[in-house]
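Examination of the molecular architecture
Chain residues, written in single-letter form:
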Amino acid sequence: MPSPSRRTVLATGSAVGGALLAGGMPAQARAADHADTSDSDPWRTVLDDADLVWQRMPKTWYEGPYLGNGFLGSGIYAEPGAETEAVRFNVQHSEVQDHRPEFGSLFGLARLPIGWFTLEPVGAITGLDWRLGLRDAELTGTLTTDKGTLTLRALVHNSRSVLAVEVTPSEGERDFRWVFHPADAISPRADFKPLPDGYQGNPPAEVAEHDGVSTAVQPLLSGGQHVTAWRERTRGGTRCLYVHVAHSYPKSTALGRALTTVRGASALPYDRLAGTHRAWWHAYYRKSFLSLPDARIQRFYWIQLYKTASAARRDAPVMATSGPWLESTPWPNTWWNLNVQLEYWLIHGSNHLELDAVTRALSEFRGNLSKEVSDRYRADSLGIPRTTDPQLVNGAAGTLTGYGVGIPGQDPPTPEVGNLTWALHNVWLSYRHTMDESILRDVLFPLLRKAINYYLHFLEPGTDGKLHLPATFSPEYGGNSHDCNYDLMLLTWGCRTLLESADLLGIKDALAPRWREVLAQRVPYPTDANGFMIGADIPFAKSHRHYSHLLAVYPLYELTGRTPDELALIEKSLAHWVGFEGALQGYTFTGAASMSALLGKGEDALRYLGQLMTRFIQPNTMYKESGPVIETPLSAAQSLHDMVCQSWGGIVRVFPALPAAWADLAVHDFRTQGAFLLSAVRRGGVTRWVRLVSEAGAPCVVRHGIAGAIDVRDGRGRPLRYRAVSDGTIQVALRKDESVLITARGERPDLTIAPVRPNADAPRWGLPA
């Protein structure tokens, strides 16, 4: 079946703008949505089931609970070297960074560690029983010592950005104490790499008291400061610690803000704080629903939704490699050649565009993107280097301190040119999933135009009459190659998207003929007997974790196996890529799972996710390589999305790549391209019903997967006219806010959204006994 035209793919109706509201749910599901305290509430059921538990002491970042709100973050585990003596509550913040660009993003602009509190009992720790409740975003439980017990509750408040830890001690533990330990304000990369010449750490923090509030003021050599403020309040038999972090640059105003926040929060009992905090989280989860019969994977999925909202908000910095939970790491900033893209993919299908910091940051700090390309190209070009701080500044003076964009055909610095275009694909996804024309007009089109323009400076015709690129770098293979697939694939997607966007926006752009020329005359993607090469000069011949040479397959969906030859090329390339053991890492397997889902191979997708879970995912669902990184588990959630629903090419594909073991599945308000909200239920290996609600009135083409004759009805149960596009695919005319329900002919299925029964028991995440 031919795909809809590219104009159809990008066509827009009314912008949704503003807040994204779940809507149009079936009556039964809508009733359940308001039954928040009922045992039958599906969200409460799946969230309570997904809680992480600890009955053994976590000893590292990869094992312990974590709390956050996109800004303030706390990872919790035993104090290293004193496991029976204290528990560490890290205090880190996504805005806290250095401001010395002369030392680059990896040192002079790096995120800075703040410090940690130790909860120090009277007695020796002998046991614990903790639960991280996803639904309330709260850690609860007991710590047992040889002197008694400490019952605790802890949260990072959603809007006040306060860490609150309430402890109720038994008689023998009444004299437990909290101790704050300021960290050295130096780039965490110093633990892994030599310091640049002239670089020194910031001076020690200054600890003081201010009318009952303690502070640790960290002055910065660049000017400015960050301040940790805390206060402990006793109410009856409980003691509650309140902690806030503030950062200011270049002025030293953080102290006043930190004091004000802690004083205001500490005036409230823990339960008062928890009430508003829980209300936000309860509403957050109810924007979408997914249940599948693999208990371990279903729990993992809901934990990733918790993790994402703990690490990301639209107005927070774009996630750094370890989110707000900074630890010793060689990557103490934001990484743009894969990490950012993977971190944010899941927000689209899960209906959480309120977390989209990428679109906001690229728009807000676009002025810095011109400064990342060489002087002679700044008038009409933009780029983003491998690493930046939250304001998209790199500051690299050499490879020791950071990685610049570079110039095609020159080295040093390594010409890693495609990162901005790839990041803008995330912006395009946000547009496509909302059909908010302001994203297309104000952010995507003007930035993509200049990102692609940078390429146009270097394209040259060869003796074959084709347009060629000079040598550029394919993350992270090593070596520069002419006609690098990473760049050719992004260049192709960019030119096509610019032409379609200009058409939709009614823009007659002087560069349009050049974009058409690129699409018509660019050299074919380099391939050999093993599939896609890194570039014309470099075959794919060694183990490599990154799929930079396969972006046209995923996530760009430029090549999808439409012809037998194209399908064979994708299958051959995928098998060759994952066939080299040695350098493969976790996100290798999430990429392979999503590519398998594209091909409709649910069993392969599940097998790749299984390898990820057994080989790489840590007890608390975090992930590590040389240091802590969080993109891989989040991208695994997107791989699940790709198995459950795909909407590239203007077609919503329902359950396109499910393994046989997933005979039952339920999804509700899954957001698709075209700004549709999908609800569907599968039972006994059969899709029982599919429902789409249109938020923007975009063209609706759905591959529903229901065998045989169908009924198609509108939101009032009346027959709705449709056109059969191909077997199992129909086109329906829906205006904004209208819906369609698709069932087998004569069926009147139960439209209740409910969790499905797991195929087998599975251990909880965390460290259960």
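From a predicted model like this one, the values you see are computed outputs, not experimental measurements.

Observations regarding the pattern of salt bridges
Applying the stated criterion across every chain yields a total of 35 salt bridges. In this structure, the salt-bridge partner of Arg713 is Asp711, at a minimum N-O distance of 3.6 Å. For the salt bridge of Asp711 with Arg748, the shortest nitrogen-to-oxygen distance reads 3.6 Å. Highlighted residues: Asp711 in strand β32 (residues 710-714) and Arg748 in the loop between β35 (739-744) and β36 (766-767), separated in sequence by 37 residues. By relative accessible area, Asp711 is classed as buried at 16%. Look at Arg748 and you get exposed, because its relative accessible area is 59%. By sharing partners, the salt bridges in this structure join Arg135, Asp136, Glu138 and Arg278 into a single network.

Some points on the nonpolar core
The biggest cluster of nonpolar side chains holds 224 residues, and the ones touching the most others in it are Tyr285, Trp302, Leu362 and Trp515. Those residues in contact with Leu362, other than ones at most four positions away along the chain, are Trp336, Leu369, Ile384, Leu392, Leu420, Ala423, Leu424, Val427 and Leu447. By size, the runner-up hydrophobic cluster in this structure holds ten residues, among which are Ala164, Tyr242, Ala265 and Ala274.

Regarding the pairing of strand β7 (residues 138-145)
In the sheet, strand β6 (residues 125-133) pairs with β7 via eight bridges, with the strands oriented antiparallel. Across the sheet, Asp129 pairs through a bridge with Thr142, a residue of β7. Adjacent in sequence and paired antiparallel, β6 and β7 are bridged by four residues, among which Ala137 carries a positive phi angle near 50°. Counted between consecutive antiparallel strands, the loop separating β7 from strand β8 (residues 148-156) contains two residues.

Topic: helix α17 (residues 586-598)
The end-to-end C-alpha distance of α17, which contains 13 residues, comes to 19 Å, matching closely the 18 Å that a straight helix rising 1.5 Å per residue would cover. One or two positions beyond α17, positive phi appears at Gly600, with a value near 80°.

Examining the environment of Gly349
With respect to the secondary-structure elements, Gly349 resides in helix α9 (residues 346-349). For Gly349, a relative accessible area of 4% puts it in the buried group. Distance in space between the C-alpha atoms of Gly349 and Ala637 is 9.8 Å, their sequence separation being 288 residues. Dropping the residues within four chain positions of it, Gly349 is found in contact with His641, Asp669, Phe670 and Arg671.

What counts as what
Within each chain, residue numbers correspond to sequence positions counted from 1 in written order. Owing to the predicted nature of the model, reporting of local features is limited to residues with pLDDT of at least 70; listing and counting of side-chain atom pairs is limited to 80 or more, with chain, interface and lining totals taken over all residues. In computing side-chain properties, one takes all heavy atoms of the structure into account and sets aside hydrogens as well as water. Every case where a carboxyl oxygen of Asp or Glu lies within 4 Å of a side-chain nitrogen of Lys or Arg is listed as a salt bridge. Strands here mean DSSP runs of E at least two residues long; helices mean DSSP runs of H or I at least four residues long; both are numbered from the N terminus. To sort residues, take the accessible area from a 1.4 Å probe on protein chains only and compare it with the maximum for the residue type: under 20% means buried, over 50% means exposed, and anything in between is partly exposed. Only buried Ala, Val, Leu, Ile, Met, Phe, Trp, Tyr and Cys residues count toward a nonpolar core, and they belong to the same one when joined by side-chain atoms within 4.5 Å. By definition, residues are in contact when any of their heavy atoms lie within 4.5 Å. Note: two strands are recorded as paired if DSSP finds a minimum of 2 bridges between them. Here, expected helix span is obtained from the residue count minus one, scaled by 1.5 Å.

Bear in mind that shape data such as this cannot, by itself, settle questions of function.
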